[in-house]
Amino acid sequence: MLYAIGDIHGMRDELAKLLSRIPLQRGDRLIFIGDYVDRGPDPKGVVEDLIELEKRYECIYLMGNHEAMFLSFLGWEGPSYFGSEAFLHNGGETTLASYGYFGADDDFALEPGHERFYRALRLWHLEGEYAFVHAGLGKASLALSDPKYALSRESPKDLLWQRETADLPHSLGVTVVYGHTPLPDFGVRWNLPYSIGIDTGAVYGGPLTAIRLPDETIFQSS
């Protein structure tokens, strides 16, 4: 089975609770939808646990807009790293504190294992009848019928920040599983067959959510 897990945002305890409630078996795989850092109390601890988890299960880690801001703030360059000017206004101080940034000297750098984790983050993943992105796709892609082509042509900005299209009908022929935009009641955003939103606001008091595929069973931390 494949399990997709929503935005964690430094909520290490919620991640542990959720993983304890998923009936993981040998051969199961996990895909994380991005936003591991910022706002919550232990972003570094979340990444530590994800690195350890990969030793036991096949894991796919997507980039979220908060990773893009964090890495841009650290000076990383490339089309996926942007938004440093908004980083501290979006909960970035908890990430910096957890990494010991404020007490470090001018040559602060991520630990090698964490740097490898962040450099390996993907912008999207396509598998079977599902496409996985952090946020959404641009409006022009909704009329396309080839999901791989649509995803490969998308800008990082849309994949990481788009909030306007995730619940709209599209012609991609897959169900888009995404995070980034929780509902006010922190519920799962069901819009079948077009999309499923699994950011259920764990950092705001909602549960952390996983969806098992292809049977679309929901598991939550609380």
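One can find the structure itself at the top, above this paragraph.
Residue positions are given per chain, counting from 1 as you read along its sequence in written order. Restriction of local features to residues with pLDDT of at least 70 applies here, the model being predicted, together with a cutoff of 80 or more for giving and counting side-chain atom pairs; totals for whole chains, interfaces and linings are based on all residues. For side-chain calculations, the full set of non-hydrogen atoms in the structure is used, while hydrogens and water are omitted.

1. A closer look at the sheet that holds strand β3 (residues 58-61)
The strand order across the open sheet formed by five strands is β3-β2-β1-β9-β10, and the pairing between neighbours is mixed. In this open sheet, the two edge strands, each paired with only one partner strand, are β3 and β10 (217-220). Averaged over all pairs of adjacent strands, the angle between strand axes in this sheet comes to 20°, irrespective of strand direction. As paired elements, strand β2 (residues 29-32) and β3 share four bridges and run parallel to each other. In this description, strands pair whenever DSSP reports at least two bridges between them. Strands here are runs of E lasting at least two residues and helices are runs of H or I lasting at least four, both read from the DSSP assignment and numbered beginning at the N terminus. The angle between two axes is taken between their N-to-C directions and runs from 0 to 180 degrees, where each axis is a line fitted to C-alpha atoms and a helix contributes only its stretch in contact.

2. So, helix α5 (residues 112-119)
Since the α-helix turns once every 3.6 residues, residues separated by three or four places project in the same direction. Three exposure classes are used, based on accessible area relative to the maximum for each residue type with a 1.4 Å probe and protein chains only: buried under 20%, partly exposed in between, and exposed over 50%. Taken as a whole, α5 has its buried residues at H114, F117 and Y118. Around the axis of α5, the buried residues are gathered within 95° of arc, so they sit on the same side. Across from the buried face of α5, at angles greater than 90 degrees, the exposed residues are P112 and R116. Arc definition: directions from the helix axis to the C-beta atoms.

3. Focus: the nonpolar core
We call a set of buried residues a nonpolar core when its members are Ala, Val, Leu, Ile, Met, Phe, Trp, Tyr or Cys and they connect through side-chain atoms within 4.5 Å of each other. Grouped together as the largest cluster of nonpolar side chains are 37 residues, with contacts concentrated most on F32, Y36, Y61 and Y118. Any two residues whose heavy atoms approach within 4.5 Å at even a single point are treated as in contact. In this view, Y36 contacts I8, H9, G10, P43, V46, V47, L50, Y61, L62, E67, F117 and L121; residues no more than four positions away in its chain are not counted. Counting 14 residues, the second largest nonpolar core, distinct from the first, contains L2, I31, I33 and L213.

4. Some words on unusual backbone geometry
Cis geometry marks the peptide bond from L192 to P193, where omega comes out at 5°. Residue placement: P193 occurs in the loop between β7 (189-191) and β8 (195-197). With an omega of 15°, the peptide bond running from L213 to P214 counts as cis. Locating P214 in the fold gives a position in the loop between β9 (209-213) and β10. Look at D35: it is not a glycine, yet its phi comes out positive at around 65°. Note that D35 resides in the loop between β2 and α2 (43-53). Located in the positive-phi region is E216, a residue other than glycine, with phi close to 60°. Mapped onto the fold, E216 is located in the loop between β9 and β10.

5. Regarding the side chain of D38
Considering the arrangement of structural elements, one finds D38 in the loop between β2 and α2. In this tally Asp and Glu are treated as negative and Lys and Arg as positive; neither His nor the chain ends contributes. The salt bridge criterion pairs a side-chain nitrogen of Lys or Arg with a carboxyl oxygen of Asp or Glu, the two atoms within 4 Å. Among buried charged residues, D38 stands out as having no salt bridge; its nearest opposite-charge side chain is R39, 7.0 Å away. Pairs of N or O atoms within 3.5 Å make up the polar contacts considered here, provided that, within protein, one atom can donate a hydrogen while the other can accept it, and that residues adjacent in sequence are counted only when both atoms are side-chain atoms. A distance of 2.7 Å separates polar atoms of two side chains, one belonging to D38 and the other to H66. Here D38 is in contact with H9, G10, P43, H66, M69, F87, N90, G91, G92, T94 and T95, once residues within four sequence places are set aside.

6. Brief notes about the sheet that holds strand β5 (residues 130-133)
Ordered in space as β4-β5-β6-β8-β7, the five strands form an open sheet in which the pairing is mixed. The open sheet is flanked by β4 (124-127) and β7, the only strands paired with a single partner. Looking at each pair of strands side by side, their axes are set apart by 15° on average, direction ignored. Bridge count between β7 and β8: three bridges; the pairing is antiparallel. Directly across from W190, in β8, lies its bridge partner I196.

7. Let's talk about the pattern of salt bridges
For the structure shown, the criterion picks out ten salt bridges. For R119, the salt bridge is made with E115, and the minimal N-O distance between the two is 2.9 Å. Of this pair, R119 and E115 both sit in helix α5, four residues apart, roughly one helical turn. Residue classification places R119 among the partly exposed positions, given a relative accessible area of 48%. Its relative accessible area of 28% is what places E115 among the partly exposed residues. As a salt-bridge pair, R212 and D215 come within 2.8 Å of each other at their nearest N and O atoms. Of the residues examined, R212 reaches a relative accessible area of 17% and is grouped as buried. According to the relative accessible area criterion, D215 is partly exposed, its value standing at 38%. Where salt bridges share partners, they join R12, D42 and D49 into one cluster.

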